[in-house]
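# Working through the structure, step by step
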Amino acid sequence: MKFREPDPIVIDGAMLERARGLLEAIAQGTFDRSELLPELDDFVRPEAFVNGAALVSALGTPEAMFAFEKRITADQTSTYFRVRYHKEALTWVVSVDAANRITGLSLRRGPNDTIFGIVWRDVRY
């Protein structure tokens, strides 16, 4: 069964460039952890980025990228991007808090098939 490709949405150009830059930094192993929410930075081990670089760089260079969904919750905004590589189309999710610190990054084939992902969830309730 083949699903319909999502329609692009309009987002701020700076956010699109940031999302591209973050994905490229993951692939090249140059991601700047200072962009992470401090709690997420404390939680994620350095190996996650080393492994992420190997997995994401193996996909090659993205051929195209566009935003197709934005979800706003009480503690973060998540923007979903379709990223086309030579052999497949993936979803890149960039989540940020009100201070624009990264609360999550995820590159995936589907909801249950994540290639690279780091996410912070505050479960103190």
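By convention here, each chain's residues receive numbers from 1 onward along its written sequence. With pLDDT at 70 or above as the cut-off, local features in this predicted model cover only qualifying residues; side-chain atom pairs require 80 or more to be listed or tallied, and sums for whole chains, interfaces and linings still use all residues. Values reported for side chains reflect all heavy atoms of the structure, with hydrogen atoms and water molecules removed beforehand.

## Considering the nonpolar core
We count it as follows: By nonpolar core is meant a set of buried Ala, Val, Leu, Ile, Met, Phe, Trp, Tyr and Cys residues that side-chain atoms within 4.5 Å join together. Burial classes: relative accessible area under 20% of the type maximum marks a residue as buried, over 50% as exposed, and values in between as partly exposed (1.4 Å probe, protein chains only). Secondary structure elements are defined from DSSP: runs of H or I of at least 4 residues count as helices, runs of E of at least 2 residues count as strands, and each element is numbered from the N terminus. Here, residues are in contact when the closest pair of their heavy atoms is within 4.5 Å.
Phe31, Phe81, Trp92, Val94 and Leu105 are the most contacted members of the largest nonpolar core, which totals 31 residues. Elements with a minimum of two residues in this core: α1 (13–28), α3 (46–57), β1 (64–72), β2 (77–84), β3 (89–96), β4 (102–110) and β5 (113–119). Considering every element that reaches this core, the biggest residue donor is α1, with 7 residues. In contact with Val94, other than residues within four places in its own chain, are Met15, Ala19, Leu22, Thr77, Ser78, Thr79, Phe81, Gly104 and Leu105.

## Examining the side chain of Thr103
Tracing the sequence through the fold places Thr103 in strand β4. Contact partners of Thr103, with chain neighbours within four places excluded, come to Leu37, Leu40, Gln76, Ser95, Val96, Asp97, Ile118, Val119 and Trp120.

## A closer look at the pairing of β3
Heads up, the condition is: We treat two strands as partners when DSSP finds at least two bridges between them.
Judged by how many residues are buried, β3 sits mostly within the fold: 7 of 8 residues are covered. For β2 and β3, the ladder comprises 8 bridges, and the chain directions are antiparallel. What sits directly across from Thr79, in β3, is Val94. Where β3 meets β4, 6 bridges bridge the pair, whose relative direction is antiparallel.

## Comments concerning the pattern of salt bridges
Note the cut-off: Every case where a carboxyl oxygen of Asp or Glu lies within 4 Å of a side-chain nitrogen of Lys or Arg is listed as a salt bridge.
Under the counting rule described, the total for this entry stands at 10 salt bridges. In this structure, the salt-bridge partner of Glu47 is Arg45, at a minimum N-O distance of 3.0 Å. For Arg45, a relative accessible area of 58% gives the class exposed. A salt bridge links Glu88 to Arg109; its shortest N-O distance comes to 2.8 Å. On the criterion of sequence distance, the pair formed by Glu88 in the loop between β2 and β3 and Arg109 in strand β4 is long-range, its members being 21 residues apart. Residue classification places Glu88 among the partly exposed residues on the basis of a relative accessible area of 24%. Classification of Arg109 as partly exposed rests on a relative accessible area of 44%.

## Observations regarding the sheet that holds β4
What counts is decided by this rule: The convention used is that axes are lines fitted to C-alpha atoms, helices contributing only their stretch in contact, and that angles between N-to-C directions extend from 0 to 180 degrees.
With respect to topology, 5 strands assemble into an open sheet ordered β1-β2-β3-β4-β5, the strand pairing being antiparallel. Of all strands in the sheet, those bounded by a partner on one side alone are β1 and β5. Averaged over all neighbouring strand pairs, the angle between strand axes comes to 15 degrees, with direction disregarded. The strands touched by α1 are β1, β2, β3, β4 and β5; relative to β3, the strand with the most contacts, the crossing angle is about 110 degrees. Relative to β5, α3 is tilted by about 150 degrees, and along the sheet it contacts β4 and β5.

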